[in-house]
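This is what each chain is made of:
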Amino acid sequence: MRSRVVTILCCAAVLSLSTASADARTAQTLTAPASSGQTIHMHVGDKLKVHLGTSFRRPTSTDRSVIHRINHSGGYPTSEDARATFKALAVGKATIHSVTDAPCLHSTPRCEIAQQEWFVHVVVKTG
């Protein structure tokens, strides 16, 4: 059985895709210059690790029946990086997304700083 772990580092703008098979101990790594807006292909059972900066909210899935967040930590309003791990549960498509946030956006008067959206499209296939 093949197992795949995908790691996304938004702030460093790196997408790393590692694949290891039961027969071989070597891993392949794919690195791209920017992660937001990309499409990631996974198999049922694969895990997706997302690591965003402290100003981002915890990432969420648009379809938890396809790819479900199994743990998370940090993110706004904490002072820690937003991290989450998702697991591909079923064949289908979903989007993992997050947005930056700041305390001044929740005050009166509200600040008018630009917010940054981050997302990746996920296509899950059978394992």
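Our structure is the block above this text.
None of the values given here were measured: they were computed from a predicted structure. (Residues numbered from 1 in each chain as written. Predicted model: local features only at pLDDT ≥ 70, side-chain atom pairs only at ≥ 80, totals over all residues. Heavy atoms only, no water.)

As for the overall build of the protein chain
Now for step 1: Within the protein chain, the regular secondary structure consists of 0 helices and 10 strands.
Now for step 2: For the protein chain, the N- to C-terminal ordering of α and β elements is β-β-β-β-β-β-β-β-β-β.
Now for step 3: A buried classification covers 35% of the 127 residues belonging to the protein chain.
Now for step 4: About 7,500 Å² of surface is accessible on the protein chain, with carbon and sulfur atoms providing 53% of the total. (Helix = DSSP H or I, 4+ residues; strand = E, 2+ residues; numbered from the N terminus. Buried < 20%, exposed > 50% of the residue type's maximum accessible area, 1.4 Å probe, protein only. Areas by Shrake-Rupley, 256 points an atom, 1.4 Å probe, with all protein chains shown as cover.)

Some points on the sheet that holds strand S9 (residues 92–99)
Now for step 1: Read from one edge of the open sheet, 4 strands run S4-S10-S9-S6, paired in mixed fashion. Only two strands of the sheet have a single partner each, and these edge strands are strand S4 (39–43) and strand S6 (60–61).
Now for step 2: Strand direction decides the pairing type here: S4 and strand S10 (residues 117–125), joined by 5 bridges, are parallel. Paired with Met-42 across the strands is Val-124, a residue of S10. (Pairing = 2+ DSSP bridges.)

Observations regarding the state of the cysteines
Now for step 1: Overall, the coordinates contain 1 disulfide when judged by the stated rule.
Now for step 2: For Cys-104, the disulfide goes to Cys-111, at an S-S distance of 2.0 Å. For the disulfide bridge between Cys-104 and Cys-111, the dihedral angle about the S-S bond is near 60°, and by the sign convention the bridge is right-handed. (Disulfide = S-S within 2.5 Å.)

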